[in-house]
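Given next are the chains, with one letter for each unit.
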Amino acid sequence: MDGQAQCAPGPVRVLAVVSGSCGDPIRESPAPVDPRGPRCPRTHLDPRDPLDSPFLCVLPYRPLRDQDPGPPSSSSSWGIGGLSAAFYLSRSAQVSKVVVLEGSARVGGWLWSNRRPDGAVFELGPRGVRPVGPTGRNTLNMVEELGLESEVLPVSQDHVASQKRFLFVRGQLWEMPRGLSGLLRPTPPFSRALLPLLLSEVFVSRAEDQDETLHSFVSRRFSSELADIAVSSLCRGVFAGDSRKLSVRACFPDLHRAESQRGSVVLGMLLGTVGRPDVAPGPLALRAQRERWAQWSLRSGLESLPEALKLQLQSRGVELHTGAQVRGLQRTDSGWTVQTESGPISADHIVSALPAQALGSVLPSSCSALASLLEQVSCVTVAVVSLEYSSAVLPVQGFGHLLPASEDPAVLGVVYDSVFFPQHNSPEGDSTRLTVMMGGAWFQQVFGDPDHVSTDLLLSRAVSAVTTHLGVKQLPVWSNVALHRDCIPQYYLGHAQRVELMRSWIRDADLPLSLVGSSYDGVSVNDVIFSGRTAAESLLQT
Ligand SMILES: Cc1cc2nc3c(=O)[nH]c(=O)nc-3n(C[C@H](O)[C@H](O)[C@H](O)COP(=O)(O)OP(=O)(O)OC[C@H]3O[C@@H](n4cnc5c(N)ncnc54)[C@H](O)[C@@H]3O)c2cc1C
Ligand SMILES: C=Cc1c2[nH]c(c1C)Cc1[nH]c(c(CCC(=O)O)c1C)Cc1[nH]c(c(C)c1CCC(=O)O)Cc1[nH]c(c(C)c1C=C)C2
C-alpha cells in the first residue's frame, strides 16, 4: 500500500512529481546503403529534453469549496504513471484541483510512437498491451472512459503473432514449444520434453529463502536448461535484464505466489492463487474477453493513450505545466515545499511518479533512509532500432524472437511489428517493419558508455542481427536509432522487501508521499496505470 497521506485540516493540496525526460533525442538515419535511397525523407520527431531535465507532475488537491488558482498553466508531457494518478485523482468529487508540472515537451514518457508523415507508425517503447487480468481490464476501462474504443487495434489469440514466438539459439531460429506436442516431445533447442518436468515440479519442495533469482527458481523447480534458455530470454524480453540477478518475487509475482500458496507453479496455475483484487470489466474489456484478444494497440500508436489522457485532464480543469523541474523537496508543517525552476510550490501531498533514483536525489536529508532504498532501484539502457524493408522479407511469421544471454549479450531480441500490427505499415507497398532491441543489462559491457556510443555502430549491429538471424539479405530502406537511457527498472533480489520498507518508512514518518510508476510494482503499461489508480484511491480514502 502507498504511504497514507496525513492531510491537515483545511485546504489540502497534493503535489505529484512525475518524471518525464526519456533519454536521448532520437537519432534517425537513412538506410545504410540502398541504391534506390530511402523511401521516406528523414523525419524528425518531437525534440525531447536532455536527460537531466526532470518531468514533474504537480497535483494540488483540495476540497471543492476551497478553490485555489494554483501555478500558471501550460501544456506538456508526462509518463503514463503520473497521468494515470492525475486521471484517478481528478475524477473524484473530493478533488477540486489538480496541477501537473513537468520539464519535457511531449506526452507519454516511454509511450512514444514515431509517426511518419506517410502514415507509418514505429513504436519506440511499448507496442502491445495485454488485456488480461485485473490490471489489463483496468486499462481497457480507462481506454473506454477516454473514448478511444474505435481506435483500438486488437490482436486475437488465434493470430499467428499470438501463437508463434521464436528463440535464436546455437545460431538457429526455433519456434517456442506450444500445444500438446510441445509438451510431450522434446522440442529443440530443448533436449527434454516439458511434460515430465511439469509433473515432477509438483513434488519439488518450497524454497526456504525469502527471495530467489529467476534463474535459480526455475533451475530448482524445472531444469537448468529451461532456466538458461527460456528464462534468460524471457527476462530479456520483458526487463531487458539478467535472470541471474532478477527477483522471482518482484518480477513474476504469480510464480512466487504459486509456490508459496500451492507449493508448486503447476498447481498454482491449475488451482489459481490469491493476488490482486479483481477489477470489473467494462464493455470494452468484455469485448476483449469475448473476442479472445491477446494484445492491443491504438491506430496512431500507443502514444494516443497519454495524448487522450492529457485532453481529458485538461477538460477536467487539471493544470498542466512545463519547465518546472524539481530541484528539491522540503518538509513543512502542512506538507511540502517543492523547489522548481520557476519558484517554490507548496503542497500537502506528493504523488511521485519519478524513477525511484530521481526521487531519492531530491528528497531532503531527513529522508536519507528512504532515499538510500530508492537509490537501489537502478535501471538499464536499451537501444531501440526500427528498421523498414521494402518487401515481405521474413522467413517466418510470429511475434518475434528472443536470444538468451549466452547466445549474444548485445542483441536482446527482434520484434516483427508488421506481422501483428500491419495497420501501422506505410500505406504504400508490402513493407516489413522490425524492431531490434539491444543492450539492457549488458549495454555497458557490449557498447560502453551510452554517452559515447555511435549511432552507426548500433544501426549496423541491428542490421547484421537481422541478416544473421533471419537470413534477410536486403538492406532496410528506412531506419531509426533511439537510445533509451535508464528506461527499465531492474527488480533485483530483495526488491519487493525494499518496496515494502519504503512504504512502511513513509507511513511511520507520516510522510505525505505516494510512490507511483515502473520503479515499484511492475513495469508493464498495465501495472504502471494500476499503480496510479492504487495511489489515488489510497490517498482519497485517507
Ligand atoms: C523499449 C521499451 C519497450 C517496452 N515494451 C512494453 C510492452 O510491450 N508492453 C508493456 O506493457 N510495457 C512495455 N514497456 C514498459 C512501459 O512502457 C514502461 O514501464 C512505462 O511506460 C513506464 O511509465 P512511467 O510513467 O513509470 O515512467 P516514464 O515517465 O515513462 O519514464 C520515466 C523517465 O524519467 C526520466 N528521468 C530520469 N531522471 C529524472 C529526473 N531527475 N527528473 C525527471 N525525470 C527523470 C527517465 O529518463 C525516464 O525515461 C516498455 C518499455 C520500454 C522502454
Ligand atoms: C527484446 C526486448 C524487449 C521486448 N519487449 C520488451 C523488451 C525489453 C519490454 C516488454 N515486453 C513486454 C512487457 C510487458 C510485460 C507484461 O507483463 O505485460 C515489457 C515491459 C511484453 C512481453 N514481451 C514478451 C513477453 C514474453 C512479454 C510478457 C507478456 C506476454 O506474454 O505477452 C516477449 C518478447 N519481447 C520482445 C520480443 C522480441 C519478444 C519475443 C519474441 C521485445
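Looking up the protein chain in an unreviewed UniProt entry gives the name Protoporphyrinogen oxidase, with the organism given as Knipowitschia caucasica. Listed under Catalytic activity (unreviewed entry) in UniProt, the entry text for the protein chain is "protoporphyrinogen IX + 3 O2 = protoporphyrin IX + 3 H2O2".

Relative orientation of the contacting elements helix α1 (residues 80-90) and helix α19 (residues 525-541) amounts to 40 degrees, with a least axis distance of 7 Å. By the angle between their directions, the pair α1 and α19 is classed as oblique. In this structure, α1 meets α19 at a crossing whose hand is right-handed. For the pair formed by α1 and α19, the contact residues are I80, G81, S84, A85, Y88 and L89 on the first element and V528, I529, G532, R533, A536, L539 and L540 on the second.

Turning our eyes to something else, we now look at the site of ligand 2. Residues in contact with ligand 2 amount to 19 residues; listed here are only the nearest, R130, R165, G237, V238 and G400. Side-chain polar atom of R165 to an oxygen atom of ligand 2: 2.9 Å apart, as the coordinates give it. Notes on ligand 2: free accessible area 770 Å², of which the protein chains cover 79%. Those elements that provide at least two residues to the shell around ligand 2 are α7 (224-239), β16 (400-402) and β17 (411-415). Across the shell around ligand 2, the residue classes break down as 11 nonpolar, 5 polar and 3 charged. When residues of the shell around ligand 2 are sorted by domain, at least three fall in each of domain 2 (193-293) and domain 3 (379-489).

Time to look at the packing of helix α2 (residues 133-145) against helix α11 (residues 283-290). In a pair of packed helices, the angle between the axes and the distance between the axes together describe the arrangement. As a packed pair, α2 and α11 sit with axes 7 Å apart at the nearest point and diverge in direction by 125 degrees. The orientation of α2 relative to α11 falls into the category oblique. Taken together, the residues of α11 that come into contact with α2 (itself represented by R137, L140, N141, V143 and E144) are P283, L284, A285, A288 and Q289. Among the residues making up the contact of α2 with α11, the classes are represented as 6 nonpolar, 2 polar and 2 charged.

Applying the stated criterion across every chain, the model contains 22 salt bridges. When the shortest N-O distance is used, the salt bridge between K164 and E175 registers 4.0 Å. Remark: E175 occurs in strand β8 (residues 172-175) and K164 occurs in the loop between α3 (160-163) and β7 (166-169); sequence separation between them is 11 residues. Residues E500 and R249 are paired through a salt bridge, measuring 2.7 Å at the closest nitrogen-oxygen approach. With a gap of 251 residues between them, E500 in helix α18 (residues 495-508) and R249 in helix α8 (residues 248-251) connect regions that are remote in the sequence. The exposure class of E500 is partly exposed, given its relative accessible area of 46%.

This paragraph deals with helix α12 (residues 304-315). If you check α12, its first and last C-alpha atoms are 16 Å apart, about what 12 residues at 1.5 Å a residue would give, namely 16 Å. The complete set of buried residues in α12 reads S304, L305, P306, A308, L309, K310, Q312 and L313. Contacts made by the buried residues of α12 are with α1, β4 (113-115), α2, β9 (293-298), β10 (319-321) and α19. Where α12 terminates, the next one or two residues include G317, which has phi positive at roughly 90 degrees.

In total, this model carries 8 aromatic pairs according to the counting rule given. With centroids separated by 5.1 Å and ring planes inclined at 70 degrees, the aromatic side chains of F420 and F421 adopt a geometry described as edge-to-face. Across the pair, F421 and F420 agree in class, each one buried. Members of the aromatic cluster, each reached through a chain of ring pairs, are F239, F252 and Y491. Positioned over the ring face of W442 is R236, at 4.5 Å from the centre of the ring.

This paragraph deals with the sheet that holds strand β12 (residues 336-340). Sheet strands pair by backbone hydrogen bonding; their relative direction is either parallel or antiparallel. Strand order in the open sheet formed by 3 strands is β11-β12-β13, and the pairing between neighbours is antiparallel. Edge positions in the sheet fall to β11 (326-331) and β13 (343-347), since each of these pairs with one other strand and no more. Sheet twist, expressed as the mean angle between neighbouring strand axes with direction ignored, is 20 degrees. As paired elements, β11 and β12 share 5 bridges and run antiparallel to each other. In the strand pairing of β12, G328 is matched with Q339.

Rules used throughout
Residues numbered from 1 in each chain as written. Chains lettered and ligands numbered in written order. Predicted model: local features only at pLDDT ≥ 70, side-chain atom pairs only at ≥ 80, totals over all residues. Heavy atoms only, no water. UniProt positions renumbered as here; feature names shortened; annotations may be inferred. Axes fitted to C-alpha atoms, helices over the stretch in contact; angles between N-to-C directions. Helix = DSSP H or I, 4+ residues; strand = E, 2+ residues; numbered from the N terminus. Parallel < 35°, antiparallel > 145°, perpendicular 65-115°, else oblique. Left-handed = near helix turned anticlockwise from the far one by under 90°. Contact = heavy atoms within 4.5 Å. Near = heavy atom within 4 Å. Polar contact = N/O pair within 3.5 Å; in protein donor to acceptor, adjacent residues only side chain to side chain. Areas by Shrake-Rupley, 256 points an atom, 1.4 Å probe, with all protein chains shown as cover. Nonpolar A, V, L, I, M, F, W, Y, C, P; charged D, E, K, R; others polar. Domains from an automatic or database assignment. Salt bridge = Lys/Arg side-chain N within 4 Å of Asp/Glu carboxyl O. Buried < 20%, exposed > 50% of the residue type's maximum accessible area, 1.4 Å probe, protein only. Expected span 1.5 Å × (residues − 1). Phe/Tyr/Trp six-rings, centres within 6.5 Å; stacked < 30°, edge-to-face > 60°. Lys NZ or Arg CZ within 6 Å of the ring centre and 35° of its normal. Pairing = 2+ DSSP bridges.

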